[in-house]
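Close look at the chain arrangement
The primary structure of each chain is shown beneath.
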Amino acid sequence: MKPASVTTKQEYIAKLAREYPERAFFTLSHHIDYEWVWYAYHCTRKDGALGVDEQTAEQYAANLEHNLLTLVDQLKSGRYRAPPVRRHYIDKTDGSKRGLGIPCFADKVAQRAIVMLLEPLYEQDFLDCSYGFRPRRNAHQALAEVRTAVMARGGRWVLDVDLRKYFDSIDRTKLREVLDQRVTDGVVRRLIDKWLDAGVSEAGELHYPELGTPQGGVISPYLANIFLHSVLDKWFIEEVQPRLRRPSTLVRFADDFVALFGCKEDADRVLAVLGKRMGKYGLQLHPDKTQLVDFRALPAPSAASGEPKLPTTFNFLGFLHVWGTSRRGNRVVRQQTAKDRFARALAAISALCQRMRTEPLVDQHRNLSRRLKGHFAYFGISGNYPRLKALGTEARRIWKKWLSRRSNKSPVNWAAFSRIEKLFPLPRPRIIHSYTGA
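Now for a description of the structure that goes with this document.

Cut-offs and rules
Residues numbered from 1 in each chain as written. Predicted model: local features only at pLDDT ≥ 70, side-chain atom pairs only at ≥ 80, totals over all residues. Heavy atoms only, no water. Helix = DSSP H or I, 4+ residues; strand = E, 2+ residues; numbered from the N terminus. Polar contact = N/O pair within 3.5 Å; in protein donor to acceptor, adjacent residues only side chain to side chain. Contact = heavy atoms within 4.5 Å. Phe/Tyr/Trp six-rings, centres within 6.5 Å; stacked < 30°, edge-to-face > 60°. Buried < 20%, exposed > 50% of the residue type's maximum accessible area, 1.4 Å probe, protein only. Lys NZ or Arg CZ within 6 Å of the ring centre and 35° of its normal. Salt bridge = Lys/Arg side-chain N within 4 Å of Asp/Glu carboxyl O.

Thoughts on the side chain of Glu-123
Note on placement: Glu-123 falls in the loop between helix H5 (105-122) and helix H6 (139-151). One polar contact links Glu-123 to Arg-134, side chain to side chain, over a distance of 2.9 Å. Discounting residues that sit within four places of it in the chain, Glu-123 has contacts with Arg-134, Pro-135 and Tyr-222.

The following block contains the structure:
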């Protein structure tokens with residue numbers, strides 16, 4: 001539970017931020033005390049990968065009060081030293097690798113403490129079009145807004161935008177200029193600079209990139225959010241929308257965003273200037289992944305006009321957006337699990353079943369059920385049941401396959417697997433996020 005003192009302080013910061021929308025705050029760090037960092041520790045994941053010091057959450061907790069009091073003193077006195085982050089790579093959907101920076105556990109707590117100062121301030125500034133890494137906002141709200149923009153506001157022309165290596169491309173000088181507008185507290189700003197300049201440890205070597213924010217800690221996505229709020233959100237809402245002919249909608253989740261327009265002319269005009277706007281701040285549109293989508297329910301043939309045929313579907317937040325028919329026979333937007341995310345989920349399930357094939361059935365069932373429930377919790381939205389059912393069917397087949405390979409002497413046929421399922425039934429797919437009338 002959040003301590004009352006933390007709630008009171010955050011509400012006070014939020015109140016001042018609302019009352020003085022143009023003010024830069026030079027006194028924030030005095031709010032940090034033991035209860036503040038205790039709650040930051042409470043909010044920090046305890047099962048994450050280890051940083052360069054290889055300290056686990058359990059080891060940190062063994063002397064928790066001393067460690068937190070030491071952290072408070074270091075943060076407020078300026079003696080805190082940000083350790084380098086350990087580089088780790090994960091697969092991206094396009095087959096490339098994304099580099100993550102994994103901070104030490106104590107550094108994760110420190111970053112959370114600073115984000116707790118920034119959140120109540122910037123939540124008064126952030127606009128309704130952004131949904132990522134914000135309290136009480138999530139991807140499903142962003143997906144619902146996209147659907148509403150199409151169904152209720154006539155958003156039939158979609159700019160599906162991809163920023164090339166966004167987190168690695170942020171110009172730190174320009175990021176500091178953006179921060180100057182709202183945060184000038186010396187302690188907070190020096191800590192942010194230390195995290196930006198901490199360096200990256202990879203294969204025993206230490207590197208110091210001049211651009212970007214190292215992904216992995218909570219400070220990085222929050223700084224990235226602050227940057228795009230200034231670079232994109234305010235610009236689109238305050239300068240672009242008033243100049244358009246028809247209604248338009250911007251929906252952004254971190255660096256992933258789409259813009260929906262009522263007519264092609266508006267979409268063309270924005271696409272023509274968007275690259276220049278991003279380039280002004282050191283960012284680039286991905287030339288192959290940024291596209292204009294003709295998302296009319298029945299797109300008109302373009303061959304007669306001599307124009308190239310545009311894509312008619314788009315992916316956003318792991319969902320393919322297509323037109324379908326409701327139970328009442330109406331044309332509706334369907335948000336279905338994207339092919340690459342479906343394939344990635346199956347690959348992860350197969351790897352899990354292979355890795356644990358010699359473990360007791362009760363453990364296999366628990367781990368596989370957890371994986372499936374997590375998938376259904378995110379992808380279980382109206383209109384996506386066929387994809388959920390297909391994943392459940394494939395998961396059963398994969399589990400049976402790897403159970404059969406536990407031993408050459410006793411392969412598991414479908415009759416035997418059915419008996420196993422009666423004892424250890426896998427979770428059934430279900431719709432978690434429902435749209436009325438879908």
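Focus: the packing of aromatic side chains
Under the criterion given, the structure shown has 17 aromatic pairs. Taking the centre distance of 6.4 Å and the plane angle of 65° together, the rings of Tyr-80 and Trp-195 count as edge-to-face. A residue pair is termed long-range when its members are at least 10 positions apart, and Tyr-80 in the loop between helix H4 (64-77) and strand E1 (85-91) and Trp-195 in helix H9 (residues 186-196) qualify at 115 residues. A relative accessible area of 6% means that Trp-195 is categorised as buried. One aromatic cluster is present, formed by Tyr-41, Tyr-60 and Phe-105 through successive ring pairs. Above the ring of Tyr-41, the side-chain terminus of Lys-46 is found at 4.5 Å from the ring centroid. Geometry around Trp-414 places Lys-400 over its ring, the cationic atom sitting 5.1 Å from the centre.

Brief notes about the pattern of salt bridges
Within the structure shown, the criterion is met by 19 salt bridges. In this structure, Arg-245 and Glu-265 form a salt bridge, with 2.5 Å as the shortest nitrogen-oxygen distance. In this pair, Arg-245 is assigned in the loop between helix H10 (219-240) and strand E6 (248-253) and Glu-265 in helix H11 (residues 264-280), connecting sequence segments 20 residues apart. According to the relative accessible area criterion, Glu-265 is partly exposed, its value standing at 39%. Here the salt bridges share partners, and the residues they tie into one network are Arg-172, Arg-176, Asp-193 and Asp-197.

Remarks on helix H2 (residues 34-43)
If you check which residues of H2 are buried, you get Trp-36, Val-37, Tyr-39, Ala-40 and Tyr-41. The elements touched by buried residues of H2 are helix H1 (4-19), helix H3 (57-61), H4 and H5. Taking the backbone nitrogen of Glu-35 as reference, a side-chain oxygen 3.3 Å away marks Asp-33 as the first, capping residue of H2.

Any functional reading would require information that these geometric values do not contain.
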